[in-house]
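# Tertiary structure, described
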Amino acid sequence: MKFIRGTTRFLGQVERWTLVVLLLALVFLSFLQVVLRNGFSFAFLWTEPLLRYIVMWVGFLGAAVATREEKHFAVEFLGRFFPARAAGILRCLISLIAAAVVLILAYAALQFVTEGIDAGEPGLFHLPKRFFYAILPGSFGLIALHFLLRAAEHAGTALGKDAGTEGGETA
Amino acid sequence: MSLLVAGLLLLCLTLLGMPLFVIIGSLAMLLFASSGGEAKFVIAELTRLAEFPSLIAIPLFTFAGYLLAESQSPRRLVTLVQALVGRVPGGLAVTALLCCAVFTAFTGASGVTIVALGGLLFPILRSDGFSENFSLGLLTTTGSLGLLFPPSLAIILYGLIAQISVDKLFIAGLVPGFLLIVVLGAYATIVSRRTKKPARERRPGEITAALKAAAWELPLPFLVIGGIYGGFITATEAASVTAFYVLMIEVFIYRDLRLFRDVPRVVEKSMLLVGAIFVVMGMSLGLTNYFIDEQIPQQLFAWIRQFIENRYTFLVLLNGVLLIINMVEIFSAIIIVVPLIIPIAHQYGIDPVHLGIIFLLNLEIGYMLPPFGLNLFIGSVRFERPLTRMYRATLPFMAILFAMLLLVTYVPDLCLWLVGPGTPPQ
């Protein structure tokens, strides 16, 4: 249990600071672009595509955070009628199934990145396009990992090992 | 047959709380597989997300909204509007309406308004003699009131999905949005007569002090709303200016948020919402593409056509269906349902901009529709009142919103006259 919480926390730190750097870059670069375009009728060729990639990275990293915090959009009302232990087991199962589905997506994304996108034309900054799309298999892998971690945590809680400490958190 | 079984299984999982993006993703992969495709196609469709022109507005506006919500700006806003209109009978209720509308527009109506502003306004309303039911109902309702105003996330999302100009939608929402505030304000004024409490006294210098305190935040609504309505900047540009400006003032001028302690937390909170939206959008792109390829909207239209000839009857049915869907989940509703109904509505000669405003008003009502409307739950937790109490308290407000919905549905010109000619219904 300790190991699982520790891993979640470590991943959380990495995700958080990566998001901070990327989002601040997004804010400043896009503002610079507006100033240059409206004030000086000038634009760098690279800002527009770079901003698009950053948006993707920020969004999909955010999805990993949403998984960790269990804040994905879901229909939740049935869960409210379950007693605590049953709800814990249910959530564990749901997270496991979700992890399996997302793993398939991660594999598909990996395939897409390694085979699906052009190898020919050079992308932004002469970097291959797959470099920018690496966030797709990366984030889906991360999401699957978070689902597994949550599943383990719910299992641990439902089986009552440290139900006492967890009670306050979920309330 | 096996598809049917899989569909039922997915439905069960949905009801048991499986994240919607997983459900949609599975469905898309299954459907592609059944027509000989691969899971890779779902990912290929997902990358189309990067080509959406205004996508960048979503993280930027969400970030700005969360920064505002976490700073002291709700407090400054309430103080200012209270100083300005507090003396008018019912002014306090109108204060609440205006604050919440502005705030919801900026924070994307994800329940933040009730949490950030509700707690401030509830005791003020009560101490001014408004009944508990009225105060509860008002604050729960206003939690989604800004949905029709820029830069509401719901409008941007609708524009992206429906592929119509976000700027145009913002303009179309103006008249219905203001009308709604006026009607709710009138209701509040009538109620306040019954409270028989004298309007509060204005302290000397109150307005000046409040203006001074909010001086840096005041230009914001004018910049965004004025800028977009005036055509000076696009919605996307407004998003980036807003995010930059809000970050600067809250961190360096007001110093409400510290760069290394608070900003990372806000980044994480806001991007979590963006991420949740993105995965649903990404997965839905695959599903939508499948639906369009298989001509599902046309088939649906042909089927509905057997029962409904008339545009107006169709709109009634549409409103009913939308209310139920929106009550369950709002953003996902836009992403999944809009691509299906736009072609059908087009066949009935309904303008996509008009449809958008109808859709958003439905969202607004869906937020507070018993038994599952999101605002009811948030309000119940925030104000520590049982859910049944919330149902009763919101009832009169819901009646007003329904009346508005009927008006907007059957008088398209309310939305369209400012947009001007462009896509007249056939």
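Owing to the predicted nature of the structure, the values given are computational and were not obtained by experimental measurement. (Residues numbered from 1 in each chain as written. Chains lettered and ligands numbered in written order. Predicted model: local features only at pLDDT ≥ 70, side-chain atom pairs only at ≥ 80, totals over all residues. Heavy atoms only, no water.)

## Observations concerning the packing of aromatic side chains
Summed over all chains, the structure comprises 24 aromatic pairs over all chains. With centroids separated by 5.2 Å and ring planes inclined at 80°, the aromatic side chains of A:Phe42 and A:Phe44 adopt a geometry described as edge-to-face. Accessibility expressed as a relative area gives 34% for A:Phe44, which makes it partly exposed. Ring centres 6.2 Å apart and planes at 75° place the aromatic pair B:Phe32 and B:Tyr290 in the edge-to-face group. (Phe/Tyr/Trp six-rings, centres within 6.5 Å; stacked < 30°, edge-to-face > 60°. Buried < 20%, exposed > 50% of the residue type's maximum accessible area, 1.4 Å probe, protein only.)

## Describing the confidence of the model for chain B
The share of residues in chain B with pLDDT of 70 or more is 94%, and the mean pLDDT across the chain is 83. Across the predicted assembly, pTM comes out at 0.84 and ipTM at 0.89. (pLDDT = per-residue confidence, 0-100.)

## Notes on the interface of chain B and chain A
Listed as interface residues are 59 residues of chain B and, on the opposing side, 55 residues of chain A. Together, the buried faces of chain B and chain A total about 5,200 Å²; carbon and sulfur atoms form 82% of this surface. Across the contact surface, chain B and chain A share 3 salt bridges. Across the salt bridge formed by A:Arg68 and B:Glu268, the nearest N and O atoms sit 2.7 Å from each other. Across the contact surface, chain B and chain A share 7 residue pairs in polar contact (both at pLDDT 80 or more). Tallying contributions element by element places helix 14 (residues 263-293) of chain B first for the side of chain B that touches chain A, with 15 residues. Of the residues in the side of chain B that touches chain A, the class split is 45 nonpolar, 7 polar and 7 charged. (Contact = heavy atoms within 4.5 Å. Buried area = accessible area lost by both parts, 1.4 Å probe. Salt bridge = Lys/Arg side-chain N within 4 Å of Asp/Glu carboxyl O. Polar contact = N/O pair within 3.5 Å; in protein donor to acceptor, adjacent residues only side chain to side chain. Helix = DSSP H or I, 4+ residues; strand = E, 2+ residues; numbered from the N terminus. Nonpolar A, V, L, I, M, F, W, Y, C, P; charged D, E, K, R; others polar.)

## Looking at the nonpolar core
Side chains that are nonpolar tend, in soluble globular proteins, to be buried together. By size, the foremost hydrophobic cluster in this structure holds 206 residues, and its most contacted members are A:Phe60, A:Phe140, B:Phe63, B:Tyr158 and B:Met281. Top contributing element to this core by residue count: helix 14 of chain B, with 18 residues. B:Met281 has contacts with B:Leu49, B:Phe52, B:Leu55, B:Leu157, B:Leu160, B:Ile161 and B:Ile335, leaving out every residue within four places of it along the chain. (Core = buried A, V, L, I, M, F, W, Y, C linked by side-chain atoms within 4.5 Å.)

## Comments concerning the state of the cysteines
Counted under the stated rule, the structure contains 0 disulfides over all chains. The thiol sulfur of B:Cys12 is not disulfide-bonded, and the nearest other cysteine sulfur, from A:Cys92, lies at 19 Å. With a relative accessible area of 46%, B:Cys12 lands in the partly exposed category. Summary of cysteine pairing: B:Cys99 is not part of a disulfide, and the nearest cysteine sulfur, belonging to B:Cys100, is at 6.5 Å. (Disulfide = S-S within 2.5 Å.)

## Overview of the packing of helix 19 (residues 374-382) of chain B against helix 20 (residues 387-410) of chain B
Residues and elements named next belong to chain B. As a packed pair, helix 19 and helix 20 sit with axes 9 Å apart at the nearest point and diverge in direction by 120°. In terms of axis orientation, helix 19 runs oblique to helix 20. Our pair here, helix 19 against helix 20, has a crossing hand that is right-handed. In contact with Leu376, Phe377, Gly379 and Ser380 of helix 19, helix 20 contributes Leu387, Met390, Tyr391 and Thr394. The residue inventory of the contact of helix 19 with helix 20, partitioned by class, reads 5 nonpolar, 3 polar and no charged. (Axes fitted to C-alpha atoms, helices over the stretch in contact; angles between N-to-C directions. Parallel < 35°, antiparallel > 145°, perpendicular 65-115°, else oblique. Left-handed = near helix turned anticlockwise from the far one by under 90°.)

## Focus on helix 18 (residues 352-366) of chain B
Under the 1.5 Å per step criterion, the end-to-end length of helix 18 of chain B is 20 Å for 15 residues, consistent within 8% with the ideal 21 Å. Among the 15 residues in helix 18 of chain B, 14 count as buried, and that is most of the element. (Expected span 1.5 Å × (residues − 1).)

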